[in-house]
Amino acid sequence: MHRFALIPLLLACALPAAADTLAEVSTAFRWLGKNDRVVIEAYDDPKVVGVTCYVSRARTGGVKGSVGLAEDRSEASIACRQVAPVVQFNGRLPEQEDVFTERMSILFKRLHVVRVVDVKRNTLVYLTYSDKLIDGSPMNAVTAVPIAPATPIPVAK
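In this text the structure is predicted, and so the values were computed from the model without any measurement. Every chain begins its residue count from 1, and numbering advances along the sequence as written. Residue-level local features of this predicted model are given only where pLDDT is at least 70; pairs of side-chain atoms are given and counted only at 80 or more, and the full residue set underlies all totals for whole chains, interfaces and linings. Side-chain numbers here rest on the full set of heavy atoms in the structure, without hydrogens or water.

## Digging into the overall build of the protein
Helix numbers and strand numbers start at the N terminus; a helix is a DSSP run of H or I with at least 4 residues, a strand a run of E with at least 2. Tallying secondary structure elements over the protein gives two helices and 10 strands in all. In this scheme, a residue with accessible area under 20% of its type's maximum is buried, one over 50% is exposed, and one in between is partly exposed, where area comes from a 1.4 Å probe on protein chains only. The proportion of buried residues among the 157 residues of the protein is 37%. Contacts: residue pairs with any heavy atoms within 4.5 Å of one another. By sequence separation, contacts in the protein at least 24 residues apart represent 51% of the contacts at least 6 residues apart. Here the protein has roughly 9,200 Å² of accessible surface; of this, 60% comes from carbon and sulfur atoms. Each accessible area is a Shrake-Rupley estimate made with a 1.4 Å probe; only the visible protein chains count as cover when residues are assessed.

## Looking at the pattern of salt bridges
By salt bridge we mean one thing: a side-chain nitrogen of Lys or Arg within 4 Å of a carboxyl oxygen of Asp or Glu. Inspection of the entire model under this criterion finds four salt bridges. Between arginine 115 and glutamate 97 there is a salt bridge, and its shortest N-O distance comes to 2.9 Å. Residue arginine 115 is found in strand E8 (residues 109-118), and its partner glutamate 97 is found in strand E7 (residues 96-103); the two are separated by 18 residues along the sequence. The same class applies to arginine 115 as to glutamate 97, namely buried.

## What to know about the confidence of the model for the protein
Values of pLDDT, the confidence the predictor places in each residue, fall between 0 and 100. Confidence along the protein averages 77 in pLDDT terms, with 66% of residues attaining 70 or more. Predicted confidence for residues 1-17 stays below pLDDT 50, and this span has 17 contacts to residues more than four positions away or in other chains.

In structure tokens:
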């Protein structure tokens, strides 16, 4: 099988990101198109009501960035927090799940947020990283949300 034959399948299986853009700051002036910038986005975990992840990441500007053809840099930072008085779970959680993805280039680069359940500590751990179809990046960031002992995390077996 040709390695590019998997591209449509990979794109179809990618989960869409449901981000709210909260703010952006300019980092480099561009004569044409948007400036390079850092954006802050909020992602509500779709299976954990009451947990939101805040991701900051670089966005490339210029003409290519303005029309969606530029490849964004791989650096990202993440902070996930409990934002409701009580956390509720929509079903059982896999021990590891890719909960958000968002395109970082026209075809092959994606930003991921992965949720990992630390059963021993009753904690949700979130990891952000980027990948490419051929060559990913080791740059990553991690954060954790401890869940109250009275609310055990329902884990899928």
